[in-house]
Amino acid sequence: MQALFIGQTYIDVVFITDHMPTGDEKHVASDYAVSFGGNAVTAAFCCAKLGIVPDLIATAANDWLGRMFMDMCAKYAISLHGRKVNQSSLSFIMPKDGKRAIVRCRDDDHIHPFPMLNLGGCRALHIDGHQPDAAIHYAKVCREAGILTSLDGGGLRTNTHELLEFIDVAIVAERLCEQMDLTPDKMLDYLKSRGCKIGGITMGEKGLLWYNETGTVETMPAMPIPRERVIDTNGAGDVFHGAYVYSYLAHPGKSWREHFDFARAASTFKIQRLGNEAGLPTLVDIAKVRHEFEVRV
């Protein structure tokens, strides 16, 4: 095991339409994609696609969607440690104009305790706050063992405040700022107060606001991609997380600015493609994105 990711499994159904029917009405979408979903889950697939295959603790149901997900994990050689639930979770996502509307059907009523794994060789843990008992357990264990702990703070969860005490790298979404009624600057102060060595806020087209190991606040603008090339922003943050974890594992001597710059290119690749799987970049894809936009900058 080189890395462990923990999260909630979704099957994402993403569709493109210019009209959402209501009442007794029908409408035909212009395109769609079906893929794996979930914050840490998508990040794990991104890390695997880039070349470092992690272990994954994720919810798993014994239904046809659950079997589809297991096939997806097998395709990427991801070792899935399933935590049983009765029914697979689904997300219906409609991207439009750089934003996305989401309807979720979720089963997070875990039938069994989380699996206890041997972390020998593990160098990074990435969690999204789902499976709060597993998240807090492994965050504590990894912190004590000197294993990097990373959090995708996509939203406020029951254990967010407690969990942050054991997190080295906390990259949160603007949504968390809104939920906690904090400005971005105050959010960075909050992350520092919880002991996070690296903290940041992903802000879509406004880029990344973050602080480094010395506490110095920096900004990293989004790549200047033309709006007409933005197809599906759903999953862009998840790809960002998976890419910086990969970069940390592959190049531990590089700075966090370099890890985030790599991840920024990965998420820029993602938003130009429909669905999470189609948006997973290779190293060659990232190199092409960086070359294109470095020239334009």
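The preceding data block contains the structure.
Residues numbered from 1 in each chain as written. Predicted model: local features only at pLDDT ≥ 70, side-chain atom pairs only at ≥ 80, totals over all residues. Heavy atoms only, no water.

A word on unusual backbone geometry
Here's step 1: With a phi close to 65°, alanine 77 is a non-glycine residue in the positive phi region.
Here's step 2: By the secondary structure assignment, alanine 77 is in the loop between α2 (64-75) and β5 (79-85).
Here's step 3: Its identity as a non-glycine residue notwithstanding, glutamine 131 has a phi of 50°, on the positive side.
Here's step 4: Its place among the elements puts glutamine 131 in the loop between β8 (124-127) and α3 (132-145).
Here's step 5: For glutamine 131, a relative accessible area of 2% puts it in the buried group. (Helix = DSSP H or I, 4+ residues; strand = E, 2+ residues; numbered from the N terminus. Buried < 20%, exposed > 50% of the residue type's maximum accessible area, 1.4 Å probe, protein only.)

Some words on the nonpolar core
Here's step 1: Phe45, Leu56, Phe69, Tyr244 and Phe260 are the most contacted members of the largest nonpolar core, which has 51 residues in total.
Here's step 2: In this view, tyrosine 244 contacts His126, Ser150, Leu151, Val169, Ile171, Trp256, His259, Phe260 and Ala263; residues no more than four positions away in its chain are not counted.
Here's step 3: One finds Ala135, Cys142, Ile147 and Phe166 within the second-largest nonpolar core, a separate group that totals 33 residues. (Core = buried A, V, L, I, M, F, W, Y, C linked by side-chain atoms within 4.5 Å. Contact = heavy atoms within 4.5 Å.)

Things to note about the packing of helix α1 (residues 39-50) against helix α7 (residues 236-250)
Here's step 1: Two elements in contact, α1 and α7, have axes separated by 7 Å at closest approach and are oriented at 45°. Classed by the angle they form, the pair α1 and α7 counts as oblique. Here α1 runs over α7; the crossing is right-handed. The segment α1 lies against α7, with Asn39, Thr42, Ala43, Cys46, Cys47 and Leu50 engaging Asp238, Val239, His241, Gly242, Ala243, Tyr246 and Leu249.
Here's step 2: Across the contact of α1 with α7, the residue classes break down as 8 nonpolar, 4 polar and 1 charged. (Axes fitted to C-alpha atoms, helices over the stretch in contact; angles between N-to-C directions. Parallel < 35°, antiparallel > 145°, perpendicular 65-115°, else oblique. Left-handed = near helix turned anticlockwise from the far one by under 90°. Nonpolar A, V, L, I, M, F, W, Y, C, P; charged D, E, K, R; others polar.)

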